[in-house]
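Topology and contacts: notes
Each chain, written out:
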Amino acid sequence: MTAPAAAGPFGALREQLTAAASAFADGPGALAGILAGMVDDVDRALGEELEIFPVCHHSSASALAMVRRLRAKQPKVIYLELCEDLQPLLAELRNCRLPVAVQAFASELEGFPADWGPLSVVAPITEASAEYQAIAYALETPGVELVLVDRSTDHVFQWLPRAPGDADEAAPGGDVEPAAPAGEEAALHGDAVGVEIGDLRPRFAELEAYLLHHGKVRHWSEWWDQYVEQPLVDADHDTYRQVMVLIGSLFRRLRPAGAERQDRDEDRERYMWTRIREHLAASGVDPSECLHVCGAFHAASRVEQFGVRADAPYEITPRTRTRWHYGLIPSSHSAIEAQFGLAPGSVSIAAATWTKAVTGSGLSPFRLEGQRGNRTRAGRRRAAPVPAPAAPVADRLSGYLGRPPTVRGLDEAELRGWCVDIVRLARRNGYLASTADAIAVFETSILLAGLRDRARPTPYDFADAAVTCIEKDVVPGRRDVRRLCEILFGGDRIGQVGYEALPPLARDVHDRLRPLGLDLEKRTIQRALLDLHVDPALAPCSDLLWRLRHLLPRDAVRPIMGERRLGHRSIQESWDLALGRYQRALIELGYEGVTVEQVLEQRLRRAVRGPGATASVALAAVEDAVRLLDSPRLVDELGNRAVELLAAERSVDDAPEVLRRIRRLLAHHRATGPLPAWCEAFVTTGYAHYCTLLPTAFLDEESGVRQVGAMLGFLFGMESLALSLGCDRSQLELAVAQSHPEAPAKVALLWAARHQLGLLSLAELRGRCAELLGNPLVVPAFPQYLSGFVQALEPAPGLAPFVVEVMSSAFARLPDPVLLPWLPTLITTLRDHGPELVPLLVREAGRTFPGSLPALDAWVPPWAASAAPAAPALPAVASGPVTALLCGHPEPVDAVAALLGCDGGWRSPDDAGTAVPAGLTALLSAHPETAGAVAALLRAGS
C-alpha cells in the first residue's frame, strides 16, 4: 500500500525519520521505507474510529495502561483478541485462584489427521495481564459487554500446515507456540498449543541477536523488561499506544515476506475485524464507545479488512465436526514461561513489578468479585469517574524518542531488602551464606548494573550477582540460587480451579472421596488410611481410588499398602493422594465422561478396538475390567474381542503375554464359578491357531525361542481343557511332526515337545545330549541348546530334573579351556531368553544337590547311580486270613489282574509248602503295616 502524504500529526516525525535514513543509509531505500511505514502504521491505527488498545501478553506496563484507560474511557463493549468459543468460560474465573488457563480439548477428531489427537488449546491468564483487567472490568461492570473476536479453537488447527515436517508447524507463529515444559510445574499445560495475546518478539533472528548483544542481556524477556516495560510503566495513554504500535509495526515489517506464519496472522486480523463489524451491525453500538484489545503486532495491521468502515469481503470457513470440550486448568508462572519461550522467572518478575507499580501509583485494579486469592479489602465503592471526552491524536512519539529515558536513582532500601532476603532463603536451603554474602551481593549488583549501562540494578542483575556470590560450588539442596531469586520476586505462583468451576466428573470424585476426610484441593501429598474391615463404608472409596490409579498419572494416586488383583482385595490400604497437584489431569478426564466408571469403560473399549489392538491387549483390558469394574457384560464383550484378535493374528510375538494373562484369568474364573463362554472359545481358538502356526514359528528366524516356548506352553498347558471342549490331539501331533527347526534352541525345544507327547523317551534325550557334548564342533553352541531346554520348562515343567542333569553333566565333562569361554555365553543366553524360568532350575538344583560341603564329597548324582541289585527270592508259605479271604473271593482280584493284563491261575491254600512269589514276599516283608491293618479290620468285622 502507498504511504500517505507527509501530513497529519505524524508528518514531522515521518520527515525526520526519512531524512535520518537518507543520511545513514546512503540514500533513500529499504530503511527509509521501513521507518516511514512504521509511522504510517501508527497513524493508521490511531486514526481508526474504533479505539485499538495494543498489549503485550503478561506485561505489567500493558496491565497498568489498561487499568488507566478503562477507568478513563469506560467503554460499553470490549472486543478481546481471544478464541471466540472460550467466552462462556470467563465467568468461571471468579471461582479460581490465578494463574489459570482457559482450555479447549478434543479427543475424537473429525476433519483433522488422526495422528494429531488429542487436540488441546490453552490461554493462560494472570492477574498482571491486560486481558484479565479487561475481563474483570467487563464482568463486574453492569451494562458492559465482552466479545471475543479471535478465530475459534477449531480454526487454530484448521490453519496449521498439514504437510509432514513443515518447518512452520514447529513454531506456529505469534499466536501459538510449541509446548516445551521442563519440570512438574512447567508441565501443567502438557503438550497443549498456547494461544497468546500480543506476542511481541522479533522473528528476525539477526535483529534479536543484535538487540541482546548491545543491550547486554541474555534473553529477550530481559531486553523487553529493560527497554520497554520499565520506561512505559508510568507513560500516559497516548504515549503508550503510539510506542506499542510502533514496536509492533517494526517487528511486523522485519518479518520475511511470504512466510506462512505471516499469512496466518493476517487471516486472524481479517477474522477479528469481520467479527467486530458483524457485532457492531447487530448491536448498533457506537464504535467510539468500544475498545478493541489486541496484540501490538495486530494493531499495526495492513490488511484490507482493517477498520470498521472497511468493506473488503472475507469468508469465515465453517468449523469441523470435531466435538470440543471446554474447561479451566491450573497454570503457573513456570508453565507460561516454558510454553511461550520466556526467560525463567520473567513472569514472576512481571508480577512483582505489577504489585509494586499498583502500590506506588495508587491505582485500583479490577478484580472479579469473590475470586480466590484476592487480597482486596472490603470498603465503600468509589463513584466511577466521568468518561473523558476523546481528544484529537497528537504526536507523542517525537518527544518520547527524542528525549533520554527518565533515570531512576538507586533504591538502596529495596536492594538491601533483596540482599537480606536472598541470604535468609539461601541459609534455609543449605547454603553457608552470611552477612558478608549479603554485602557482596549488594555491591556486585551495583557493579553489574554499571557495567551494563544501567542506572539501577534490575532483578536480573540482582539474580546474576546472587549466583556469583552465593553459588560457591555445588547446590546443597533441591533449589539453586537462581531459583531462590525467583521465589524472592514472587515465586512460581500456581493457580487452582475452584470446586464450582470443575467439570461434573471432577466434582463427583471430590464428593465420593469426602469420607476420607482430606482436603483434596491442596497441592501437598496427603496420606489416606482405609481399614475396610473396621469401616466397610470406605469400600467405595477404595474402588474409586483403584480406578483413578488406572486413569491418572502414577503419582496422582499412589498405593502405599494394599493391592488389587484378580480374586484378591486388601482389607487395609494406605494411599498417597496428590489430586490437587494433578488437577489438570483430573479436569481433562472430565472431558471424556460424566463418571470415572464411564471413562474407564470407554478407554477399555477403545483399547481393544484401536488399530494397534492385539490379543494380549484385549486380555489386559479384560483383566482390568474384572479388577476394577463389576460388569460381566463388559467382560464378555472384551473377551469375545480377544478371541477375534487372536484368530486374526499372523505372528506369535505376543504369545508369552497371552499365555501369562489367560492362565491368570482361567484360574480366577475357575475359583469363582463356571468358565465364561468367551474363555472356552479363547482356549479352543488358541489351540487350533497355535497348532497351525507352530511349524512356521519353528522355522521362522523372526520368531524367538521364547515365543515358540510360550506357544507350546499354551498347547500343553491348555490341552486337557481344549480336548474336553472338542479339540483333537492329533492336530498337535501333526504340527510337531511337521516342525523342522534349524536353530539349536528351537531344536532342543522340539525334542522337549516330542518327549511331552511320548514320542521321545528320557533315555533318548540323554543320549542326544551326550552326543552333543561329545562333538567338539557343537560344544560352542551348546548354551543355545540349554536355552531351548530352559524354555521347554514352560510346556513341560517335569523336565526340570533333566535340565539340571544336562547342565551338571556339561560342567563335569567339559575341560576348563572350553568351559571358561563358554560360561559368559551361557549366562547371557539364560538371562535373555529365560529369566523367569531360571528360579525353577535353581529350586530343582537345591533339591538335587546336597546342602553341605562334606556331603558333597561323598555325593553321587542320581542319574549316575547304578541300579540296585534285586533282592533274593525267599521261600514262603502262603497262610493266614488274608490268603483265605482272597481265595474265597477271587472275583475282585481277577478283575484287577485282567485290567492290568496279568495272566496266571490260583493255588489252593491247602497246598502245603507252596512257595509265595519272591516279589510278593519281599513287598509284604518291607511293609507289614498294611497287612496288619487289613487283618485287624477283618478281626473287628468278624
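About the criteria used
Starting from 1, residues in each chain are numbered consecutively following that chain's sequence as written. Under the rules for a predicted model, residues below a pLDDT of 70 receive no local features and side-chain atom pairs below 80 are neither given nor counted, while totals for whole chains, interfaces and linings still include all residues. Values reported for side chains reflect all heavy atoms of the structure, with hydrogen atoms and water molecules removed beforehand. Under the DSSP-based scheme used, a helix requires at least four consecutive residues in state H or I and a strand at least two consecutive residues in state E, with every element numbered from the N terminus. For every residue, the accessible area obtained with a 1.4 Å probe (protein chains only) is divided by the maximum for its type, and the residue is called buried under 20%, exposed over 50%, and partly exposed between those limits. The criterion used for residue contact is that any of the two residues' heavy atoms lie within 4.5 Å. Throughout, the Shrake-Rupley method with a 1.4 Å probe supplies accessible areas, and for residues the shown protein chains are the sole cover considered. Definition used for salt bridges: Asp or Glu carboxyl oxygen within 4 Å of a side-chain nitrogen of Lys or Arg. A score from 0 to 100, pLDDT tells how confident the predictor is in each residue. Two strands are counted as paired when DSSP detects at least two bridges linking them. Think of each axis as a best-fit line through the C-alpha atoms, taken over the contacting stretch in the case of a helix, with angles from 0 to 180 degrees between the N-to-C directions. What sets the label is the angle itself: under 35 degrees gives roughly parallel, over 145 gives roughly antiparallel, 65 to 115 gives roughly perpendicular, and the rest give oblique. Amino acid classes used here: Ala, Val, Leu, Ile, Met, Phe, Trp, Tyr, Cys and Pro are nonpolar; Asp, Glu, Lys and Arg are charged; the rest, including Gly, are polar. Positive: Lys, Arg. Negative: Asp, Glu. His and the chain ends are not part of the count. Here a polar contact means two N or O atoms within 3.5 Å. Within protein one must be a hydrogen donor candidate and the other an acceptor candidate, and residues neighboring in sequence count only if both atoms are side-chain atoms. Put simply, a patch holds well-exposed residues, over 30% relative accessible area, that have no salt bridge, with like charges counted together within 9 Å and Val, Leu, Ile, Met, Phe, Trp or Tyr side chains within 5 Å. Put simply, a nonpolar core is a bunch of buried Ala, Val, Leu, Ile, Met, Phe, Trp, Tyr and Cys residues held in one set by side-chain atoms that sit within 4.5 Å of each other.

**Notes on the overall build of the protein**
When you go through the protein residue by residue, the secondary structure sums to 40 helices and 16 strands. For the protein, with 942 residues in total, the buried portion stands at 49%. Pairs at least 24 residues apart make up 76% of the contacts formed inside the protein by residues separated by at least 6 positions. For the protein, the exposed area adds up to about 44,500 Å²; of that, 56% sits on carbon and sulfur atoms.

**What about the pattern of salt bridges?**
Enumeration according to the criterion identifies 49 salt bridges in this entry. Notably, a salt bridge pairs Arg 729 with Glu 719, separated by 2.3 Å at the nearest N-O pair. On the criterion of sequence distance, the pair formed by Arg 729 in helix H29 (residues 729-737) and Glu 719 in helix H28 (residues 719-724) is long-range, its members being 10 residues apart. When its relative accessible area of 10% is taken as the criterion, Glu 719 is described as buried.

**A short note on the environment of Cys 419**
Along the chain, the position of Cys 419 falls in helix H15 (residues 412-428). In this structure the C-alpha to C-alpha distance between Cys 419 and Leu 488, which are 69 residues apart in sequence, comes to 10.0 Å. Filtering out sequence-adjacent residues up to four positions away, Cys 419 remains in contact with Ala 438, Val 441, Phe 442 and Phe 462.

**Examining the confidence of the model for the protein**
Chain-level pLDDT for the protein is 80 on average; 82% of the residues reach the 70-or-more range. No element of the protein has a lower mean pLDDT than helix H6 (residues 167-170), which averages 38, and none a higher one than helix H23 (residues 615-628), which averages 93. Scored below 50 in pLDDT, residues 1-6 shows nine contacts in the model against residues more than four places distant or in partner chains. Below a pLDDT of 50 lies the segment residues 866-877, which in the model reaches 11 contacts outside its immediate sequence neighbourhood of four places, other chains included.

**Quick look at the sheet that holds strand S12 (residues 526-531)**
Think of a sheet as strands paired side by side through backbone hydrogen bonds, with each pair either parallel or antiparallel. Strands sit in the order S12-S16-S13 across an open sheet of three strands; the sheet is antiparallel. Here the strands that pair on one side only, and so sit at the sheet edges, are S12 and strand S13 (557-561). The average undirected angle you get between the axes of adjacent strands in this sheet is 25°. Of the strand pairs in this sheet, S13 and strand S16 (residues 572-577) are connected by four bridges, and their pairing is antiparallel. Paired with Met 561 across the strands is Ser 574, a residue of S16.

**Thoughts on the packing of helix H27 (residues 705-717) against helix H30 (residues 744-756)**
At a minimum axis distance of 10 Å, the contact between H27 and H30 shows a crossing angle of 10°. By the angle class used here, H27 and H30 are roughly parallel. Facing H27, whose interface residues are Val 705, Val 708, Gly 709, Leu 712 and Phe 716, H30 presents Ala 745, Lys 746, Leu 749, Ala 753 and Gln 756. Here the residues of the contact of H27 with H30 sort into seven nonpolar, two polar and one charged.

**Remarks on the packing of helix H3 (residues 60-73) against helix H4 (residues 130-140)**
Angle between the axes and distance between the axes are the two parameters that describe a pair of packed helices. The geometry of H3 relative to H4 is characterised by a closest axis approach of 7 Å and an angle of 30° between their N-to-C directions. One element, H3, and the other, H4, form an angle in the roughly parallel class. Where H3 abuts H4, its residues Ser 62, Ala 63, Met 66, Val 67 and Leu 70 lie against Ala 130, Gln 133, Ala 134 and Tyr 137. In the contact of H3 with H4, the residues fall into seven nonpolar, two polar and no charged.

**Focus: the sheet that holds strand S6 (residues 145-150)**
In spatial order, the strands read S1-S9-S2-S6; together these four strands make up an open sheet with parallel pairing. On the outer flanks of this sheet lie strand S1 (51-55) and S6, each paired with one strand and no other. The mean angle between the axes of side-by-side strands here comes to 30°, regardless of whether they run parallel or antiparallel. Bridge analysis of strand S2 (residues 77-83) against S6 gives five bridges, and the strand direction is parallel. Counterpart to Ile 78 in the pairing with S6 is Leu 146. Packing of H3 onto the sheet brings it into contact with S1, S2 and strand S9 (290-295), and relative to S1 it is tilted by some 160°. Strand contacts of H4: S1, S2 and S6, with the helix running at about 130° to S2, the strand carrying the most contacts.

**Some thoughts on the side chain of Arg 241**
Within the secondary structure, Arg 241 sits in helix H9 (residues 237-254). Lacking a salt bridge, the buried Arg 241 has Glu 51 as its closest oppositely charged neighbour, with an N-O distance of 4.2 Å. At 3.0 Å, the side chain of Arg 241 and the backbone oxygen of Ile 52 are in polar contact.

**Concerning the environment of Ile 276**
Mapping Ile 276 onto the fold places it in helix H10 (residues 260-283). For the pair Ile 276 and His 292, spaced 16 residues apart in the sequence, the C-alpha separation amounts to 8.8 Å. In this structure, Ile 276 is in contact with Leu 50, Tyr 79, Val 149, His 292 and Val 308, ignoring residues within four places of it in sequence.

**Considerations on a nonpolar patch on the surface**
Residues Val 882, Leu 885, Leu 886, Val 893, Trp 906, Val 934 and Leu 938 make up a contiguous nonpolar surface patch of roughly 500 Å² in combined accessible area. Contributing elements (two or more residues each) for the nonpolar patch: helix H37 (881-888) and helix H40 (928-941). By residue number, the principal contributor to the nonpolar patch is H37, which donates three residues. In this structure, Val 934 sits in helix H40.

**Some thoughts on the nonpolar core**
Leu 513, Phe 682 and Leu 694 are the most contacted members of the largest nonpolar core, which has 199 residues in total. Considering each element in turn, this core owes the most residues, 11 residues, to helix H26 (residues 677-699). Not counting chain neighbours up to four residues away, the residues in contact with Phe 682 comprise Leu 619, Ala 642, Val 643, Leu 646, Val 658, Ile 662 and Phe 714. Of all hydrophobic cores here, the second largest spans 26 residues; its members include Ala 426, Val 441, Leu 484 and Phe 489.

**Some thoughts on unusual backbone geometry**
The omega torsion across Leu 98 and Pro 99 is 5°, close enough to zero to call that bond cis. Turning to its location among the elements, Pro 99 is positioned in the loop between strand S3 (96-97) and strand S4 (100-106). Positive phi, normally seen in glycine, also occurs at Gln 74, with a value near 50°. Positionally, Gln 74 belongs in the loop between H3 and S2. Assessed through its relative accessible area of 24%, Gln 74 is described here as partly exposed.

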